[in-house]
Amino acid sequence: MTELGAVFRPQLPPERLREVVRVAEGTGLEQLWLWEDCFLEGGISTVAAALAWSERLKVGVGLLPVPLRNVAVTAMEAASLHRMFPGRAMLGVGHGVQDWMGQVGVRAASPLTLLREHLDAMRALLGGQRVTREGRYVRLDDVALDWPPQEPAQVLCGGTGPRTLRLSGEAADGTILHAGTSPERVRAARRIIDEGRAEAGRTDPHRLVVYLVTATGPDAAGRLHAELTAEGVADVPGLGAAGDAQAVADAVRRLVDAGADSVILQPTAEEKDMEGFVRFVGDVRPLVP
């Protein structure tokens, strides 16, 4: 069964989150995803609040920029979430926007090396291992979590370029693709991820989460086009979904057919009625197998 969810964009003030979580829980939504965008809202604080305000909703943050975070702290926070809310926290990490990383003085000379070291160390720590590393960026001396997750905890990786996607296949448990990813590019990404998995000898499942920018209601097509234009991807065929629940469900199925396991509907930046958008996602749910 395809997993369906919605994005609470950090352009909305954080005090709006509680009501959106309430509506998502009441609507029967499966997943709510949050972003840690500079300099809007913190990923761990918002995901913890959303999990505490709900009983069954899965809540993800996609993604946490690794240059901002010491891997031991990230692992401690992730482990706490997994123990307090078993089976409901979903965490993704990634390079972060390099200009933002430069603004705060943490831009890495080799983002790919940093991400690999972070993924390897974080998955080891969450797996209950005692870790010593002397890498280019990640240095740990006999570190182990006193309260590791009681169940296996997945670490997802966000990426777009082929080297990052291959790394995700090798070193992560799943991959997050942004809303500028067409079905054709989802297929290509899945192939590259699988190449990385094969190189690493991995046979465990690998989740592919894809955001789908979505507009509904009056002038949905126009608002979608404006969003894609603002992102500089209006000329990419097959992006986004506009219209009623059936039209959006059709777009979701195209991504699923291309290899997506989870499709997360992302409202346009100018969407003010987030509660209404979440209810709309609930209308799409029965139309998606």
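Refer to the preceding data block for the structure.
Starting afresh in each chain, residues are numbered from 1 along the sequence in its written order. In view of the model being predicted, local features appear only for residues whose pLDDT reaches at least 70, and side-chain atom pairs are presented and counted only at 80 or more, with totals across whole chains, interfaces and linings using the full set of residues. Side-chain calculation: all heavy atoms of the structure are included, whereas hydrogens and water are not.

**Description of unusual backbone geometry**
Negative phi values dominate among residues other than glycine, just as trans dominates among peptide bonds.
Here comes step 1: With an omega of -5°, the peptide bond running from cysteine 38 to phenylalanine 39 counts as cis.
Here comes step 2: Numbering of helices and strands runs from the N terminus, with a helix taken as a DSSP run of H or I at least four residues long and a strand as a DSSP run of E at least two residues long. Among the structural elements, phenylalanine 39 can be located in the loop between strand S2 (31–34) and helix H2 (43–52).
Here comes step 3: Put simply, glycine 62 and leucine 63 share a cis peptide bond, and its omega is 20°.
Here comes step 4: For leucine 63, the position within the fold is in strand S3 (residues 58–65).
Here comes step 5: Its identity is not glycine, yet aspartate 219 carries a phi of approximately 55°, on the positive side.
Here comes step 6: To sort residues, take the accessible area from a 1.4 Å probe on protein chains only and compare it with the maximum for the residue type: under 20% means buried, over 50% means exposed, and anything in between is partly exposed. Judged by relative accessible area, which is 56%, aspartate 219 ranks as exposed.

**Digging into the packing of helix H5 (residues 111–126) against helix H6 (residues 162–171)**
Here comes step 1: Only the contacting stretch of a helix is used when fitting its axis, a line to C-alpha atoms as for every element, and angles between N-to-C directions run 0 to 180 degrees. At a minimum axis separation of 11 Å, H5 and H6 run at an interaxial angle of 15°. As judged from the angle between their axes, H5 and H6 are roughly parallel. Classified by chirality, the crossing of H6 by H5 is right-handed. Contacts from Leu112, Leu115, Arg116, Leu119, Asp120 and Arg123 in H5 reach Arg163, Thr164, Leu167, Glu170 and Ala171 in H6.
Here comes step 2: Gly counts as polar in this scheme, as do all residues outside two lists: the nonpolar Ala, Val, Leu, Ile, Met, Phe, Trp, Tyr, Cys and Pro, and the charged Asp, Glu, Lys and Arg. Taken together, the residues that form the contact of H5 with H6 break down as 5 nonpolar, 1 polar and 5 charged. In this scheme, roughly parallel covers angles under 35 degrees and roughly antiparallel covers those over 145, while 65 to 115 is roughly perpendicular and the rest are oblique. Crossing handedness: left-handed means the near helix sits turned counterclockwise from the far one by under a right angle, and right-handed means the same turn made clockwise. Residues count as neighbours in contact if any of their non-hydrogen atoms are within 4.5 Å of one another.

**Quick look at H6**
Here comes step 1: Taking burial as the measure, the 10 residues of H6 include 7 buried ones, the bulk of the element.
Here comes step 2: Of the positions making up H6, those classed as buried are Thr164, Leu165, Leu167, Ser168, Gly169, Glu170 and Ala171.
Here comes step 3: Of the surrounding elements, those touching the buried residues of H6 are H5, strand S7 (155–158), strand S8 (174–177) and helix H7 (183–200).

**Here's the deal with the nonpolar core**
Here comes step 1: One finds Leu32, Leu119, Leu126, Leu265 and Val284 to be the most contacted residues of the largest nonpolar core, which totals 77 residues.
Here comes step 2: Among all residues touching leucine 119, those that are not within four sequence positions of it are Val93, Val155, Cys157, Leu167, Ala171 and Ala172.
Here comes step 3: Nonpolar core, defined: a set of buried Ala, Val, Leu, Ile, Met, Phe, Trp, Tyr and Cys residues in which side-chain atoms within 4.5 Å join the residues together. Counting 18 residues, the second largest nonpolar core, distinct from the first, contains Trp33, Val213, Leu224 and Val236.

**Focus on the pattern of salt bridges**
Here comes step 1: Salt bridges, as used here, are contacts in which a Lys or Arg side-chain nitrogen is within 4 Å of a carboxyl oxygen on Asp or Glu. Applying the stated criterion to the full structure yields 21 salt bridges.
Here comes step 2: Taking the shortest distance from any N to any O, the salt bridge between arginine 285 and glutamate 30 comes out at 2.2 Å. In this pair, arginine 285 is assigned in the segment after helix H10 (274–284) and glutamate 30 in the loop between helix H1 (17–27) and S2, connecting sequence segments 255 residues apart.
Here comes step 3: Since its relative accessible area comes to 14%, arginine 285 is described here as buried.
Here comes step 4: Under the relative-accessibility criterion, glutamate 30 is labelled partly exposed at 23%.
Here comes step 5: Where arginine 69 meets glutamate 77, a salt bridge forms, and the shortest distance between an N and an O atom there is 3.1 Å.

**Re the environment of arginine 207**
Here comes step 1: Relative to the helices and strands, arginine 207 is located in strand S9 (residues 207–215).
Here comes step 2: Apart from residues no more than four positions distant in its own chain, arginine 207 is found in contact with Glu3, Gln31, Met90, Gln154, Leu156, Asp173, Gly174, Thr175, Asp261 and Ser262.
Here comes step 3: Within polar-contact distance, the side chain of arginine 207 engages the side chain of glutamate 3 at 3.5 Å.
Here comes step 4: Side-chain polar atoms of arginine 207 contact the side chain of glutamine 154, separated by 3.3 Å. Polar contact is defined as a pair of N or O atoms within 3.5 Å, subject to the rule that within protein one atom must be able to donate a hydrogen and the other to accept it, and that residues adjacent in sequence are counted only when both atoms are side-chain atoms.

**Quick notes on the side chain of aspartate 173**
Here comes step 1: Locating aspartate 173 in the fold gives a position in the loop between H6 and S8.
Here comes step 2: One polar contact links aspartate 173 to arginine 202, side chain to side chain, over a distance of 3.1 Å.
Here comes step 3: The contact partners of aspartate 173, leaving out residues within four places of it in the chain, are Arg123, Ala153, Gln154, Val155, Arg202, Asp204, Pro205, His206 and Arg207.

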